[in-house]
Amino acid sequence: MAVTSAPSAKGRRRAAGPLFVAPFMVLFVLLFLAPLGYAAYLSLFQERLIGGTAFVGLDNYVKAVQDPLLIHGVGRVALFFVIQVPVMLLLALLFALALDSGLLRLARVIRLGIFVPYAVPSVVAALMWGYLYGPDFGPFAQLSRKLDLPVPGFLSESWMLGSLANIVTWEFVGYNMIILYAALRTIPQELYEAAAMDGAGAWRIAWSVKLPALKPALLLTLLFSVIGSFQLFNEPNLLMKVAPDVISSSYTANLYAYTLAFTGQQVNYAATVSFLLGLVIVIASYAILLTANRRRTP
């Protein structure tokens, strides 16, 4: 009896794994793969005034790669990424190192204060900053008038990208700081003790011990930032109501796809634009991973 019961118990244990994974797989298929496949299907068709929906193959993709509105939108978010992400990650790194140093008073309060903006929904954050940027009733504009100074053009064409970068940085510095701070807390204390015994000071330890140990976490935050930057939507969509002459419906690629689908009723072309945007994100992420792996390889 003991011999026959052992295999059955082992078989039950093996069957438990797929059962635990099954809920995730079902949701993954229903909420991710199925919509993705349906969007791919839609991108191969085109709605015509005469003849209805017609299969056009890759014609939508050929049209999209030549679409100046899409090209300018992708280029704009690429510039946004180059400007905003280094500033955001540098601030997050500095905050994480300062908190990990143990020299700050009320470190928990400071950590919470830096992280709180991430808990604010992006819609609320955009509305709040839109009010602060306002040229008529915003506090910066009112203060400038009282001091007889020019009203800052935060919502002007030349300042808009920087204004959006400021909002996103305010929102996500705390999120990235928590990731980096958690990575710092996993560094073995023995490394600090060994560096101190060799005569290394606080700055030397931060440069030679902490920063090298943070490379995987920094790479993770960089990949998250790539995805978030190219999917920029809420902030320009809300500020478009405040500055319609500056932010158009194609200001970012994601906003352009949304406008095509829900305003222009061009669902097929919107699916194509979305797929191409996803391809750009994949290529950018892969390029960053490839560059990081090459630098690690001696």
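Residues numbered from 1 in each chain as written. Predicted model: local features only at pLDDT ≥ 70, side-chain atom pairs only at ≥ 80, totals over all residues. Heavy atoms only, no water.

Caption draft 1: Quick look at the overall build of the protein chain. Check the secondary structure of the protein chain and you find 13 helices and two strands. For the protein chain, whose C-alpha radius of gyration is 25 Å, the value lies well above the compact-globule estimate of 19 Å for 298 residues. When its C-alpha atoms are laid out on the principal axes, the protein chain stretches across 80 × 70 × 40 Å. Taken across its 298 residues, the protein chain has 36% of its residues classed as buried. For the protein chain, long-range pairs separated by at least 24 residues make up 66% of all intrachain contacts whose partners lie at least 6 apart in sequence. Total accessible area computed for the protein chain in this model is approximately 18,400 Å², and 70% of it derives from carbon and sulfur atoms. Here the protein chain contributes 20 positively and 13 negatively charged side chains, and the mean placements of these two sets differ by 14 Å. (Helix = DSSP H or I, 4+ residues; strand = E, 2+ residues; numbered from the N terminus. Rg over C-alpha atoms; globule rule 2.2 N^0.38 Å. Buried < 20%, exposed > 50% of the residue type's maximum accessible area, 1.4 Å probe, protein only. Contact = heavy atoms within 4.5 Å. Areas by Shrake-Rupley, 256 points an atom, 1.4 Å probe, with all protein chains shown as cover. Lys, Arg positive; Asp, Glu negative; His and termini not counted. Charge placed at Lys NZ, Arg CZ, Asp CG, Glu CD.)

Caption draft 2: Highlighting the pattern of salt bridges. Taken as a whole and assessed by the stated rule, the structure comprises two salt bridges. With its nearest N and O atoms 2.9 Å apart, the salt bridge here joins Lys-210 to Asp-100. One end of the pair, Lys-210, is in helix 9 (residues 202-213); the other, Asp-100, is in helix 3 (residues 68-101), and 110 residues separate them in sequence. Among the ionic contacts, a cluster of salt bridges with common partners joins Asp-100, Arg-185 and Lys-210. (Salt bridge = Lys/Arg side-chain N within 4 Å of Asp/Glu carboxyl O.)

Caption draft 3: Local environment of helix 4 (residues 107-119). In this model, helix 4 (13 residues) spans 19 Å end to end at C-alpha, consistent with the 18 Å of a helix rising 1.5 Å per residue. Where helix 4 bends most, the angle comes to about 25 degrees, and this point is Gly-113, followed within four residues by the proline Pro-117. (Expected span 1.5 Å × (residues − 1). Bend = angle between axes of the 7 residues up to and from the residue.)

Caption draft 4: Representation of the environment of Val-246 within the structure. When you line up the elements, Val-246 lands in the loop between helix 11 (234-242) and helix 12 (253-262). The class of Val-246 is partly exposed, set by a relative accessible area of 21%. Distance from Val-246 to Pro-18, taken between C-alpha atoms, is 52 Å for residues 228 residues apart in sequence.

Caption draft 5: Spotlight on the nonpolar core. If you look at the biggest cluster of nonpolar residues, it comprises 46 residues, and the most contacted ones within it are Leu-70, Met-177, Leu-180, Leu-214, Phe-230 and Val-273. Among the elements of the structure, helix 2 (59-65), helix 3, helix 7 (160-185), helix 8 (189-197), helix 9, helix 10 (215-230), helix 12 and helix 13 (267-296) are those that each provide at least two residues to this core. (Core = buried A, V, L, I, M, F, W, Y, C linked by side-chain atoms within 4.5 Å.)

Caption draft 6: Up close: the packing of aromatic side chains. According to the stated counting rule, one finds 17 aromatic pairs in the structure shown. Within the aromatic cluster, the residues linked to one another by ring pairs are Trp-129, Tyr-133, Phe-140, Phe-154, Trp-159 and Trp-170. The lysine or arginine in question, Arg-76, covers the ring of Tyr-251, its NZ or CZ lying 4.5 Å from the ring centre. (Phe/Tyr/Trp six-rings, centres within 6.5 Å; stacked < 30°, edge-to-face > 60°. Lys NZ or Arg CZ within 6 Å of the ring centre and 35° of its normal.)

Caption draft 7: Focus on the layout of surface pockets. Computed from the structure, the largest pocket encloses a volume of approximately 440 Å³. Secondary structure elements with two or more residues in the lining of the largest pocket: helix 3, helix 8 and helix 9. Take the lining of the largest pocket: its biggest share by element is seven residues, from helix 9. Considered class by class, the residues forming the lining of the largest pocket number 11 nonpolar, two polar and one charged. (1 Å grid on protein atoms, 1.4 Å probe; cavity = no way out; pocket = protein on both sides within 12 Å on 5 of 7 lines; lining within 4 Å. Points joined across faces, edges and corners; volume = space filled by probe spheres on them. Nonpolar A, V, L, I, M, F, W, Y, C, P; charged D, E, K, R; others polar.)

Caption draft 8: Region of the structure containing helix 7. The end-to-end C-alpha distance of helix 7, which contains 26 residues, comes to 38 Å, matching closely the 38 Å that a straight helix rising 1.5 Å per residue would cover. Along helix 7, the helix axis deviates most sharply at Phe-172, where the bend reaches about 40 degrees.

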